[in-house]
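# Fold and geometry: a report
Here is what each chain is made of, one letter per residue.
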Amino acid sequence: LFDGIYPFYPQQRKAAVFDISTIIVIVVFLTLACSFLLIIPGIRGRARLYWTLRVLLSLFVGVVIVVVQFTGDWETGWVQANTSYKSFSPVQVKADIGLHIGLAGVNVTLRGNPVHQINETINYNEHFPWSFGADYDRSYSEGLEKGLPSPILYVAEKFSRQSPCAVHGQYRIAGHYASAMLWVAFCTWIISNILFSMPVLVYGGYMLLVTGAFMIFALLSFSTVRNSPMCLIQIGTGTLHVAYGGSFWLMLATGLLCFVAGIAIVAMHHLNLDLLKAFFDLREDKAEEYQEMPEVFINPHFVNKGL
């Protein structure tokens, strides 16, 4: 205690877009990609290009499915305004206020413009989780006890249970089901890779279509939050509006990529199976197909005897 108050408050910071979990997932998939690039010179001919294209595209789909679970930019919004900095204080600061909504919670960013104003460094980023097992209202209460700046508390209050906006439950349920759909898509992605390594390529294409379908279902699940009208977030003379962020559009593009790749594989299976097997390096040699011997040794002793 310092004069009867706590001068420092321990708090867990979470980046608005990337955090430790996201970086760990990216590093794991980059390690797999680099390991493959080390062995790619051992593959000869045109198959080297096919292997590179298949593996890198597959790893890209996998890393996107997992990473967007932890990102916080499914919906984003920024506003610049002159606003009060502390409660019960007439002092105003010029700042940029950002809102980043993810599947597991919301991040509120307050950055001074310039950063150093009124003898303080105004650069805050606070995370308020609403995933199952987390208590959003408790995080908000802890923010009140810490004495967070008024703009952060004002924006965070819009997503609390007691808020008249009534969007807390909608975002929480939508994020939960979207996350579940993505984990199912990750499982089907693994199954599709297993099927592609076997001579059942068309079923791998079907599972790739299923992967894309669950990714689209995740987007539709998160989009249900638009059914609830969002309260106006008025800060000073500006209004903070949110729109779909980078993770949403990245997931949409990846889901469409899975659909295109799956349809192409199924179509090639029915139209040009040899080309499909060549692309997946599963084409058999004709000599092996007909079980022909490349060389035949004949004993001249039996030939002379007419045998």
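Higher on the page you've got the structure.
Residues numbered from 1 in each chain as written. Predicted model: local features only at pLDDT ≥ 70, side-chain atom pairs only at ≥ 80, totals over all residues. Heavy atoms only, no water.

### Describing the overall build of the chain
Stated precisely, the cut-off is as follows: A run of H or I in DSSP becomes a helix once it reaches four residues, and a run of E becomes a strand once it reaches two; helices and strands are each numbered from the N terminus. Only protein chains enter the calculation, and the probe is 1.4 Å; a residue is then buried if its accessible area is under 20% of its type maximum, exposed if over 50%, and partly exposed in between. Should any heavy atoms of two residues lie within 4.5 Å, those residues are considered in contact. Only the protein chains shown count as cover for residues, and the accessible areas themselves come from Shrake-Rupley with a 1.4 Å probe.
Looking only at helices and strands, the chain features 10 helices and seven strands. By the burial criterion, 42% of the 307 residues in the chain qualify as buried. If you take every contact in the chain between residues at least 6 apart in sequence, the share linking residues at least 24 apart comes to 67%. For the chain, the exposed surface amounts to about 17800 Å²; the carbon and sulfur share of it is 64%.

### Description of the pattern of salt bridges
How we decide: Whenever Lys or Arg places a side-chain nitrogen within 4 Å of a carboxyl oxygen from Asp or Glu, that contact is recorded as a salt bridge.
Within the structure shown, the criterion is met by two salt bridges. Between Arg161 and Asp137 there is a salt bridge; the shortest N-O distance is 3.7 Å. Within this pair, whereas Arg161 is found in the loop between α4 (150-157) and α5 (168-196), its partner Asp137 is found in helix α3 (residues 136-146), the two being separated by 24 residues in sequence. For Asp137, a relative accessible area of 14% translates into the label buried. Glu142 is the partner of Arg138 in a salt bridge, and the nearest nitrogen-oxygen pair spans 3.6 Å. Remark: Glu142 and Arg138 occur in helix α3; sequence separation between them is four residues, near one turn of the helix. With relative accessibility at 34%, the residue Glu142 sits in the partly exposed group.

### Section: the packing of aromatic side chains
Going by this rule: Aromatic rings from Phe, Tyr and Trp, with only the six-membered ring used for Trp, were paired whenever their centres fell within 6.5 Å, and each pair was classed as stacked if the ring planes differed by under 30 degrees, edge-to-face if by over 60, and tilted otherwise. The criterion is that NZ of a Lys, or CZ of an Arg, lies within 6 Å of the ring centre and within 35 degrees of the ring normal, and then a charge sits over that ring.
Inspection of every chain in the model, using the stated rule, returns 20 aromatic pairs. The interplanar angle of 50 degrees and the centroid separation of 5.9 Å between the aromatic rings of Phe128 and Tyr136 together place this pair among those described as tilted. Judged by relative accessible area, which is 2%, Phe128 ranks as buried. Judged by its relative accessible area of 1%, Tyr136 is buried. Over the ring of Trp51 we find Arg54; its NZ or CZ atom is 4.3 Å from the centre of that ring. One residue, Arg54, lies across the ring of Phe279, its end atom 5.9 Å from the ring centre.

### Re the sheet that holds strand β4 (residues 120-129)
Rules: Any two strands are treated as partners once DSSP identifies two or more bridges connecting them.
Across the sheet, which stays open at both edges, the five strands sit in the order β4-β3-β2-β1-β7 with antiparallel pairing between neighbours. At either end of the open sheet lies a strand with only one pairing partner, and these are β4 and β7 (243-244). Note: strand β3 (residues 105-117) against β4, nine bridges, orientation antiparallel. Within β4, the residue paired with Gly105 across the bridge is Pro129.

### So, unusual backbone geometry
With omega at 10 degrees, the peptide bond leading from Asn113 into Pro114 counts as cis. Position of Pro114 among the secondary structure elements: in strand β3. Although it is not a glycine, Ile118 sits at a positive phi angle of roughly 45 degrees. On the secondary structure map, Ile118 appears in the loop between β3 and β4. Positive phi outside glycine occurs at Asn119, with the angle close to 60 degrees. Relative to the helices and strands, Asn119 is located in the loop between β3 and β4.

### A closer look at the packing of α5 against helix α6 (residues 201-223)
Condition: Angles run from 0 to 180 degrees between N-to-C directions of axes, and those axes are lines fitted to C-alpha atoms, restricted for helices to the stretch in contact. In what follows, roughly perpendicular refers to angles from 65 to 115 degrees, roughly parallel to angles under 35, roughly antiparallel to angles over 145, and oblique to any angle outside these ranges.
Remark: α5 packs on α6, axes separated minimally by 8 Å, with the N-to-C direction vectors making an angle of 170 degrees. The orientation of α5 with respect to α6, classified from their angle, is roughly antiparallel.

### Quick look at the layout of surface pockets
Put simply, the rule reads: Cavities and pockets were defined on a 1 Å grid built over protein atoms only: a cavity is a set of grid points that admits a 1.4 Å probe from which the probe cannot escape, a pocket is an open set flanked by protein on both sides within 12 Å along at least five of seven lines, and lining residues are those with an atom within 4 Å of any such point. Grid points are joined across faces, edges and corners, and a volume is the space filled by probe spheres set on the points. The nonpolar class holds Ala, Val, Leu, Ile, Met, Phe, Trp, Tyr, Cys and Pro. Asp, Glu, Lys and Arg form the charged class, and all remaining residues, Gly among them, are polar.
As a volume, the largest pocket reaches approximately 680 Å³. Contributing to the lining of the largest pocket are 27 residues, with Arg54, Ser58, Asn193, Phe196 and Phe280 lying nearest its centre. Going through the elements one at a time, α2 (47-67), α5, α7 (246-271) and α8 (273-279) are the ones with two or more residues in the lining of the largest pocket. Grouping the constituent residues of the lining of the largest pocket by class yields 21 nonpolar, four polar and two charged.

### Some thoughts on the environment of Val108
Its location among the elements puts Val108 in strand β3. Assessed through its relative accessible area of 1%, Val108 is described here as buried. Taking the C-alpha atoms as reference points, Val108 and Thr76, separated by 32 residues in sequence, lie 10.0 Å from one another. Residue contacts for Val108: discarding those within four places in its chain leaves Gly98, Leu99, Tyr124, Asn125, Glu126, Phe128, Ile152, Val155 and Ala156.

### Concerning a nonpolar patch on the surface
So the rule is basically this: Candidate patch residues must exceed 30% relative accessible area and have no salt bridge, after which like charges are joined if within 9 Å and Val, Leu, Ile, Met, Phe, Trp or Tyr side chains if within 5 Å.
A surface patch of nonpolar side chains, about 550 Å² in accessible area, is lined by Ile20, Ile23, Ile24, Val27, Val28 and Leu32. Along the chain, the position of Ile23 falls in helix α1 (residues 20-39).

### Looking at the environment of Met181
Note on placement: Met181 falls in helix α5. Accessibility expressed as a relative area gives 26% for Met181, which makes it partly exposed. The sequence separation of Met181 and Thr211 amounts to 30 residues, and the corresponding C-alpha distance is 9.6 Å. Excluding its chain neighbours within four sequence positions, the residues that come into contact with Met181 are Phe214, Phe217 and Ala218.

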